[in-house]
Amino acid sequence: MANDFGILSFGAYLPRARMQRKAVAAANGWFAPGLKGLGKGERAIGNWDEDTITMAVEAARDCLGELDRTSLKQVVLASTTHPFDDRQNATVVATALHLPSALRTSDAAGSLRAGTGALIAALQGGERALVVAADTRRAKAGSTQEMQYGDGAAAMLVGEGTPVARLLGAHTESVDFVHQYRMHDRNSDYGWEERWIRDEGYLKLVPRAVGTLLKRCGVEPGAVAHFCMPGTLSKVQAAVAKKCGLAEGAVRDALGATVGDTGAAHALLMLAAALEDAKPGDKVLVAGFGEGCDVLLLEVGEGRSAAKRGLKGALADRREESNYLRWLSFTGTIDLERGMRAEVDKATAMTVLYRNRDMIEGLVGGKCRVCGTVQYPRQRYCVNPDCNALDSQDDYVFSERTGKVISYTADGLTYSPDPPTYFGMVQVDGGGRMLMDFTEVDPASMDVGLPVKMVFRIKDADSNRGFVRYFWKAAPARG
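Owing to the predicted nature of the structure, the values given are computational and were not obtained by experimental measurement.

Chemist: Just give me the short version of the overall build of the protein, but keep the residues and values in it.
Modeler: Assigned secondary structure in the protein consists of twelve helices and 22 strands. Expected size for 479 residues packed as a compact globule is a radius of gyration near 23 Å; at 23 Å, the protein falls within 12% of this value. For the C-alpha atoms alone, the extent of the protein along its principal axes is close to 75 × 65 × 40 Å. Sorting the 479 residues of the protein into buried and exposed places 52% on the buried side. Long-range pairs, those at least 24 residues apart, make up 73% of the contacts in the protein with a sequence separation of at least 6. About 21,600 Å² of surface is accessible on the protein, with carbon and sulfur atoms providing 51% of the total. Taking the 58 positively charged and 59 negatively charged side chains of the protein as two groups, their mean positions are separated by 2 Å.

Chemist: Lay out helix 4 (residues 114-123) with the relevant residues and their values.
Modeler: Helix 4 sits mainly inside the fold: eight of its ten residues count as buried. Of all the positions in helix 4, only Ala 114, Gly 115, Thr 116, Ala 118, Leu 119, Ile 120, Ala 122 and Leu 123 are classed as buried.

Chemist: Now, about helix 10 (residues 324-331): what can you tell me, with residues and values included?
Modeler: Turning to helix 10, its buried residues are Tyr 324, Trp 327, Leu 328, Ser 329 and Phe 330. At the exit of helix 10 stands Gly 332, carrying a positive phi of roughly 80°.

Chemist: So, the sheet that holds strand 21 (residues 451-462): which residues are in play, and what are the values?
Modeler: One open sheet holds the five strands; their spatial order is 20-19-18-21-22, and the pairing between them is antiparallel. In the strand order of this sheet, the two ends are held by strand 20 (433-437) and strand 22 (467-476), each with one partner. When the angles between neighbouring strand axes are averaged without regard to direction, this sheet yields 30°. Direction of pairing for strand 18 (residues 402-411) relative to strand 21: antiparallel, over a ladder of three bridges. Bridging from a neighbouring strand, Gly 403 pairs with Val 452 of strand 21. The strands that helix 2 (residues 52-64) touches are strand 21 and strand 22; relative to strand 21, the one it contacts most, it runs at about 155°.

Chemist: For the sheet that holds strand 15 (residues 364-368), give the residues involved together with the corresponding values.
Modeler: The three strands lie next to each other as 16-15-17, forming an open sheet whose pairing is antiparallel. At either margin of the open sheet sits one strand with a lone partner, and together these are strand 16 (374-375) and strand 17 (393-397).

Calculation rules
- Residues numbered from 1 in each chain as written.
- Predicted model: local features only at pLDDT ≥ 70, side-chain atom pairs only at ≥ 80, totals over all residues.
- Heavy atoms only, no water.
- Helix = DSSP H or I, 4+ residues; strand = E, 2+ residues; numbered from the N terminus.
- Rg over C-alpha atoms; globule rule 2.2 N^0.38 Å.
- Buried < 20%, exposed > 50% of the residue type's maximum accessible area, 1.4 Å probe, protein only.
- Contact = heavy atoms within 4.5 Å.
- Areas by Shrake-Rupley, 256 points an atom, 1.4 Å probe, with all protein chains shown as cover.
- Lys, Arg positive; Asp, Glu negative; His and termini not counted.
- Charge placed at Lys NZ, Arg CZ, Asp CG, Glu CD.
- Pairing = 2+ DSSP bridges.
- Axes fitted to C-alpha atoms, helices over the stretch in contact; angles between N-to-C directions.

Any functional reading would require information that these geometric values do not contain.
Following this line, the structure appears as structure tokens:
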């Protein structure tokens, strides 16, 4: 089959922890008894050391798999919750992925359509690009948004090859229809009345955009096999599909019961779910709603995603969470007394971060050209006592390696947002040993010999200066 241009691979990431909605409803029932009606299922919640950037990195790693990364020309990170307002978040993602510096990076923001807009631009751009969308939206305690939102990320690799799906057409309606908003000095979204949003927003803007696109592409509504549209309003997907003339069976599950709405990432997450189930020739319609509507019409091809886990794997790797207060402390919704041990100054030396950015954010060590010994951190001298060669280290990427725990400590004295702090020595498969922090620890299964993988996480935060420092941790390798 001749090369074509389109989506070559896709990936997804969801945090392991799934907050049980019944626990949220029970905690807030004294004030908001109406939440009981929403207290079914679960939503994905990030750990204390996860944010938009770390989730984007994990989704991108899933998407790229073992594909060559050197040919990428562009990386876009779409989100409404970028950690930094004045530091390009996509560049942090690119560094963690160990991508070459000859690369365009950009952040797409300001709307729930940021993900679909970035994907349209990439599919129409004609070059190899990685589009990642992630969100970790905050909501007020006891709000419906707290119940309906979810944390997660999705990634799409676009370029020339044998596509998983190719773009038949795209259309955008840009309308300043305000269904929710968040000003720069607020932590949570303000939502408007649901019936107004459904009747004046979804049921008018989306059908208009869909009708325009399908007519332009010469495709009948009945030919669409998969319809992906995020939305937290009850049955809004089915109502929109009916008005557009789409088959009832084409409407994809919006993942509300298992994930929640992941903001700018959700349209891409639903697209990933559709592509996992679709067969060649199927037509997939994706709609992103927010200040108008983005619509993409794709045709499934013969290509296969490089992802090993995908969305199905992310959904399966889950842990039930019912400790509502702990989650609120992770998000900063409650001002928890953290004690004097939390008051250590955590200033980051930007000079050190820059000079060692590949080692710190990319987990790049060294491999001796003389004897083949691998080591972290990379140093001028080989650590092999029988070698000690000078300046013989070539880059060796540890982030994609697995390993085993050879020692560990659970420290209850060192401050941690989620005590105790687990750290220890990891024997890396292929050579090398590293002293690492552990995350996503299950105390009952933590033991010497436990298989682990490397994950990109928040190391700590400097609250005095408003800076977040990232590093790699070891997590149980569950798949």
